[in-house]
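Chain by chain, the residues run as shown.
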Amino acid sequence: MFGKKKKLMAAGEDVRLKSQIGEAETFWDLMRRLAKENKLAVFSAVVILLFILAAIFAPFLTPYSYKDMDLLNRLSPPSGAHLLGTDEGGRDILTRMLYGSRVSLMIGVLPTLLGMILGAALGIIAGVIGGKTDAIIMRIADITLGFPSMLLAMLIMYTLGGGLMNVVLTLSLVNWASVSRIVRSEAIRLKQNEYVEAARAIGVKKRVILWRHILPNCLPTLIVLFTLNVPSSILTESSLSFLGLGIQVPDASWGLMVNMGRQFLYIAPWLSLVPSAAIMLVVLAFNFLGDGLRDVLDPHQKNQ
Amino acid sequence: MKQNIIKRLLQAVFVLLGVALLIFIMLRIVPGNPIATMMGEHADPATIERMTAEFGLDQPAIVQFARYLSGAVRGDFGTSYSLGRPVAALMRQAFGNTLKLAFLAALFAWILGITCGIIAAVKKNGLLDRLFMGLSLLGVSMPVFMVAMLLQYVFAFHLHWLPISGVDGLKSFILPAIALGWNSAGSVSRLVRSTLIEILQEDYIDTARAKGNRQMGVLLRHALRNAMLPVVTMMAIQISSLLSGAVITETIFSINGIGQLAVQAINGRDIPLLQGTALFSTAIVIIGNLLADCLYSVLDPRIRKEA
Amino acid sequence: MKKGICLAASLVLALSGQTALTAQGAFVEEGTLRTAVLYDMSTMDVSKTTDNYMVPLNVFDRLFETKVVGETAEVVKSLCTEYAVSEDGLTYDFEIRSDVVFSNGSALTSSDVKYSFERLLIEARDNTDIPLEVVGGEALMKGEASELAGFTVTDDTHFTVTLNAPNAGFLAELSAPAMSIVDAETMAEVKNFGVEPADTIGSGPYKVTEWEANNHYTLEYNDKYWGEEPSVKKVIVEVIPNAATQNLKFQNRELDIIDLQNLDSTIVQSMYKPVYPDQMISTPKVGMTYLVMNENNEYLKDVRVRRAIGMALDVDLFINGIYNGDAIRENGIIPTGIWAHNDSLEGLPYDPDGAKALLKEAGYSDGEIHFEIAMDSAADSNTQLLCGSISQYLERVGIRASIQSYDHSAWLALRNSGEMDSFVARWGMDYNDPANIMYTFFGSPENTKGRSINYPDTEIMDRVSAARAIVDDAAREAEYQALEQKLIGEDVAWIPLFEELHLYCIGSRVESFTPHWAGFSDFYVTDVVLK
């Protein structure tokens, strides 16, 4: 993890150099290069896209409701009527998987995004203003990082109670601190940089400098961090579900489904194996995509 | 360097205070009276009120915080609601088990992770490399409790190799340690591999090679020493993730450790126990980070010079 | 590199080799019973708990015990050898055995009984309700008196207890685990009664020898016990917080009794009933699972809506589908197994069309009625399924009952405030007397509010309260049954659902096992016979 971060900062340097010479790659250039160089990453992106489509169109893809039970049809194995079988309440697992992908993807993406925005904002503030503000923000980050993440999540969930929005909030609060540290160090580095000094000398406002230079330079790092944090959020939610602190039935999330199904592992293994496989697939896809993006954004490492 | 360490120590103390305050505040916002919850269905309101006073929960928050803090400094975390014993004694007993589990898990993760990482780096893009990296991704992407339950089912229940649960001797810690270390092994091997690949391409390795050292010797003597730096840093991060994972592993394998205490505290709405376990595990993480910092500055001559 | 691999490989070999040798289903001492619980007990002291009764039941004695005799539960004499009740039902004369000593050798006398009553009131925490019925109880608890005025010790084996009001259920109450007798002399000496095994001295068939918190505790036969020597000489109760782990351990013969209520009914159905048909033990969990409809809710205050809700629910299907038939349908308030239970009560029929018609007649359009079913997020999987099914069946008759999960303490706080719309819960009986459920739920405006029922008829509530004092059993039974008819038959004050069965499975080492009469998870170890 740490090693990666170090390298990612180097990636930032390259982008800056290019932007100075004025031949910055656009987003689409990057994507094109990614498509050419890393087939696995492209495949992963397609997998992720498919899951997103499934989540959006869930109601059109299944005749069943995700919460209606059929008590006389519990734990039935995969069949023509129920392609992936039914769960302990006789609910169609495929249907719950589709609806669960909404929740699970949201839990993967939303807290990561929120944590990132919060972390980036605080990181920039700390790095640019410095002094007491910096010290305070960084100590709060230290405090957050001091907790074993699971324990912090447990404590926050205990305080807030279950439910989707609380899970999102909890994971955002768990995520922000490491982001703020990275952004802060980038901001400090850039602050001392000659061209930023020069820009300041010719009277460009601080805010403008921030927008023009610091954020774009952190962006590659943040994009990669994003693809790494999404899977970890999905996994943390499944662990929270294990402790009964996550999403609550009748709502569906993959983590909850794995957890509800685990007691039937020996008599109806499909209950937890199907959502487990989906989690693994999405987590792997995000990991591959992250690796691919890093390679593209960081030619230094690629060249080795 | 001394100054640096003192500065870090002071910071750590500050962070610990912040953590204590944060935990305290979080646990007070929860709706409902913890005493009413503790006493359950059949308790009458008058008794609940009296007990609330007895536990000092009717005092102003600031008084409660001062008491809790001064107690914590003296090693007194109050009495657990759900287990009826001093929290400190419960944690002392549990810590040994968690330490054993975490140590074995780390050992497993390091041995497996470093071995696989080295092999993968040397045979870069070979079959073994792909196999190990694939496995490591599997390790990173599986929920801890799935790994734990599968191990328990296959090796304890089916093959009868190891006990299903409990803390009866070292053998009952093996499966939990593997379950807990599985995830870390994945990330360690990936880290070792990428760091080694980078170092193996640097000039001094070539020089060494040119001098006629056999490849294995080069690897171990030069590359590994340099690769240790990020790995040591990772160790600090792993303390935190091992403690996180212990929460679940201990529950599945019935290991009476800090993680299981924390789960019990949550289930039993046991505030003193929750406060104690949270503060304690955070302290471990912070101390771990501090040690890693010191170790880092010993290993890396550049930092030593700067200080 | 090779070294690394060799090291790893030899480590794996060493570990597997070492463990292959340790025989599974390890050696068990003869006379030892192994069982497991999900959570450790919080204390062994009945003045500090209302749900950890394994030690009180087995390490202490009471004046009476409630035991399963044939098909029914009966109150039988234990320490008490003779008793007489005065005509007004207020004064009880008792005689106790003279040959009883505690496990540390100290004799059990009348003053120990008195001390045990007083201690609950001085500790003033849990289980105060029974000694509070004795004259002077209130004063002692408030600290206005130094002893229990209504308890007179005549000599070492005789004493008299005077009650504030007649209570036909008093002897049954004396058999509750709460009324365990402790030794006054020992209590004066020890510091950690209820926590330290050595300090927790009783006169029962067992003594506590070990308690490692969150791991296990051990009971061993007390050779000073006055009664018959039991078949089981030693009990090891392991704390195993994961039910699936308990399941594996039982299947692996590492447990002799497994409490199946922790496992989902489908697992019991597929992994236990067909595999161990002769080792299944089932007993009613004496109590009532009910659906509350808050009469302060704008829709639920209409009796026609409440009746329609009852008609919309296919309770028999719930019992068969969710509990695999392991529950007894209930139609009233007083559950099966409690005296005064009325077998002939008729419940609401399952009639969704009738329910729709009733709602229409009451002037509600389809989907107009809506309220919240509050679910405790700590509820077991069966209860969660039950709530889901209820919501689903109500939707079919046009009632929108959405399920909302609450954290346990938030759930309790909301319910106690009297503002919870609706919920499903279970009441477990503490002793074999109808007042324990009738009075708790419908005995006063405070009681009915604290359960979020908000039953409005104060006249009926006064009658429920007064019924406790009727001395004549037959008259009392008639009054309770009349009240039940009014409360449920006419007013539909709640929807009675069922009484669950408590299932256990015994291992091959166990000859027979009789669970606690009320279906508690805790049981009398003397009721286990090993092969």
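Along each chain, numbering runs from 1 in the same order as the chain's sequence is written. Working convention: letters from A go to chains and numbers from 1 go to ligands, in the order in which they are written. In keeping with the predicted nature of the model, local features appear solely for residues at pLDDT of at least 70, side-chain atom pairs appear and are counted solely at 80 or more, and the whole-chain, interface and lining totals rest on all residues.

### Brief notes about the overall build of chain A
Secondary structure elements follow DSSP: runs of H or I of four or more residues count as helices, runs of E of two or more count as strands, with numbering from the N terminus. Scanning chain A for helices and strands turns up 13 helices and zero strands. Working definition of burial: number of other C-beta atoms within 10 Å of the residue's own, with buried at 20 or more, exposed at 12 or fewer, and partly exposed in between, all C-beta atoms being placed from the backbone. Taken over 304 residues, chain A has a buried fraction of 52%. Once C-beta atoms are placed from the backbone, any two residues with those atoms within 7 Å are in contact. Restricting the contact set of chain A to residue pairs at least 6 apart, pairs at least 24 apart contribute 72%.

### Details of the confidence of the model for chain C
Residue and element names in this part refer to chain C. Here pLDDT means the predictor's own confidence in every residue, given as a number from 0 to 100. A residue-level look at chain C finds 95% of positions with pLDDT of 70 or above and a mean pLDDT of 90. Below pLDDT 50 for its whole length, residues 1-25 participates in 24 contacts with residues either more than four positions away or in separate chains. Two summary scores accompany this predicted model of the complex, namely pTM at 0.84 and ipTM at 0.81.

### Some remarks on the pairing of strand E17 (residues 422-428) of chain C
Residue and element names in this part refer to chain C. Strand pairing is defined by DSSP finding a minimum of two bridges between the two strands. The sheet contact formed by strand E13 (residues 287-293) and E17 spans seven bridges and is antiparallel. Residue pairing for E17: Leu291 is matched across the bridge by Val424. Relative to E17, strand E15 (residues 370-376) is paired through two bridges, and the arrangement is parallel. Bridged to Ile373 within E17 is Ser422.

### Looking at the interface of chain C and chain B
Listed as interface residues are 43 residues of chain C and, on the opposing side, 45 residues of chain B. Mapped onto the side of chain C that touches chain B, the elements with two or more residues apiece are helix H1 (2-21), helix H7 (243-251) and helix H13 (408-416) of chain C. Looking at the side of chain C that touches chain B element by element, the count peaks at nine residues for H1(C). Residue type decides the class: Asp, Glu, Lys and Arg count as charged, Ala, Val, Leu, Ile, Met, Phe, Trp, Tyr, Cys and Pro as nonpolar, and the leftover types, Gly among them, as polar. Residues that form the side of chain C that touches chain B fall into these classes: 18 nonpolar, 17 polar and eight charged.

### Some points on the environment of A:Ile223
Residues and elements named next belong to chain A. Summarising the element assignment, Ile223 is placed in helix H10 (residues 206-242). The class for Ile223 is partly exposed, based on 18 C-beta atoms found within 10 Å. A C-alpha to C-alpha distance of 9.8 Å links Ile223 and Met116, two positions 107 residues apart in sequence.

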